[in-house]
Amino acid sequence: MLDDVSEEDLTDSNVILRCEKVHIVCDQQLLVEESEYFRARFSKNWKRNSQFSQIDNEDYSTLRTFNFPEFSPLAFKTVFEYLIGYSSMMKDCNNFLELCDMLRLVDYLIIPKLIKMIRDKMRQLPLDAFNVIEAYEASHDLYSIERYKGTAASLQDRCIAYCGANLASWQGLISFIVDNQDYLASVMELIEHLGEEKECVIRSKFCDVSKMTVKDKKTLSTPHIRGNLLWHINIRKSTKENQEYLSSYLSYDTNPEVSCKLKKREIRLYKPSDFTFYKKHSTKVVNYDNESNSRGWNIFELWSDVLGNGFVKDDEILMEARFVIKSTSGIPSSLEVPESIIR
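Residues numbered from 1 in each chain as written. Predicted model: local features only at pLDDT ≥ 70, side-chain atom pairs only at ≥ 80, totals over all residues. Heavy atoms only, no water.

1. Remarks on the overall build of the chain
Piece 1. Counting its secondary structure elements, the chain contains 12 helices and 14 strands.
Piece 2. Looking at the 343 residues of the chain, the share that counts as buried comes to 43%.
Piece 3. Across the chain, the fraction of contacts at a sequence separation of at least 24, relative to all contacts at a separation of at least 6, is 65%.
Piece 4. Accessible surface, the chain: about 18,400 Å² in total, of which carbon and sulfur atoms supply 47%. (Helix = DSSP H or I, 4+ residues; strand = E, 2+ residues; numbered from the N terminus. Buried < 20%, exposed > 50% of the residue type's maximum accessible area, 1.4 Å probe, protein only. Contact = heavy atoms within 4.5 Å. Areas by Shrake-Rupley, 256 points an atom, 1.4 Å probe, with all protein chains shown as cover.)

Put into structure tokens, the structure is as follows:
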């Protein structure tokens with residue numbers, strides 16, 4: 001704040017930075033070193049305008065001031081305190097909307113190291129039930145900046161994937177809507193994405209695979225919502241011609257009246273040493289209904305190869321299913337919530 005400025009701070013090399021009621025004193029040379037914007041502002045070729053002015057109070061007459069009214073005061077304070085050497089606010093920030101505001105500011109000031117740091121922090125910050133809507137709102141804000149549309153799209157995909165994997169019941173969806181009424185438009189838009197005709201990706205981890213036997217029943221993954229259906233990856237150990245195999249199939253929880261047609265279906269197995277999912281079974285058209293059910297088990301991989309070729313880590317395997325929903329019948333194409341519940 002301006003009242004915190006001491007006489008020692010008032011040197012010819014200092015400037016005051018303002019954003020609403022937040023005032024920060026900063027060394028001109030530091031700003032020139034960190035920001036291409038300030039490097040240009042302090043160059044001899046810069047033409048002065050109304051943003052660059054002397055402070056009226058005679059106690060600060062030697063200082064110059066820069067105003068940034070179009071940015072969030074919290075983002076402003078966090079960014080410049082970090083540059084001065086106070087990094088705690090930046091390190092403790094776990095709010096996607098605040099990080100988005102900071103990214104807009106450092107992009108405007110052209111501070112490369114902070115642009116990278118904030119983008120990395122947004123990529124690494126985990127999603128949960130309390131911040132996924134904030135993250136989705138932040139992705140919308142980032143879409144307005146052309147060079148960050150890739151970051152925005154990636155963040156939006158993460159939000160959609162999180163909701164698909166974690167809102168695994170209609171009760172959960174209703175609770176999610178009620179808890180985020182202040183962002184109702186974004187909530188409904190996010191849920192609509194779960195029913196779109198595009199490639200769906202679900203991943204599931206299976207534990208204690210070395211203990212599986214052919215006598216065991218199928219192992220069911222946790223459910224993931226895609227196309228308003230609860231999808232599972234199923235695995236089991238099977239035998240054919242005296243050899244043991246890992247078998248799998250993709251299914252969804254529903255009643256017999258519901259049918260679903262997929263444009264394609266791929267099931268993959270993850271190899272930790274290569275950081276790669278290997279496609280082992282693929283079909284172009286799959287029908288899920290009472291008359292033509294394609295949910296049968298598919299022989300996926302020799303069991304000895306699963307255990308011996310690097311697909312198992314810490315006695316766990318990670319499976320991925322990729323599929324495109326062409327059409328469904330017997331279920332609503334999108335979620336409609338009664339007005340009385342929203343209220």
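2. Focus on the pairing of strand β8 (residues 229-240)
Piece 1. Two strands pair when backbone bridges link them, and strand β6 (residues 219-220) and β8 are joined in this way by 2 bridges, in the antiparallel orientation. Each residue of the ladder has a partner; that of T219, found in β8, is I235.
Piece 2. In this sheet, β8 lies alongside strand β7 (residues 224-226) in antiparallel orientation, the contact comprising 3 bridges. Paired with H224 across the strands is W231, a residue of β8.
Piece 3. Bridge count for β8 against strand β9 (residues 243-253) is 11 bridges, and the pairing is antiparallel. (Pairing = 2+ DSSP bridges.)

3. Some remarks on the side chain of S186
Piece 1. Tracing the chain through its elements places S186 in helix α10 (residues 184-193).
Piece 2. Apart from the residues within four sequence positions on either side, S186 is in contact with I133, Y136 and E137.

4. Quick word on the pairing of strand β14 (residues 316-329)
Piece 1. Looking at chain direction, strand β5 (residues 199-207) and β14 are connected through 9 bridges and run antiparallel. Among the inter-strand pairings, C207 is bridged to a residue of β14, identified as E316.
Piece 2. For strand β10 (residues 259-271) and β14, the ladder comprises 10 bridges, and the chain directions are antiparallel. Across the sheet, the residue bridging to I267 is A321, located in β14.

5. Observations concerning unusual backbone geometry
Piece 1. Here the phi dihedral of D314 falls at roughly 55 degrees; this positive angle occurs in a residue that is not glycine.
Piece 2. Positive phi is not limited to glycine here, since D315 has a value of about 60 degrees.
Piece 3. Mapped onto the elements, D315 comes out in the loop between α11 (303-308) and β14.
Piece 4. Judged by its relative accessible area of 22%, D315 is partly exposed.

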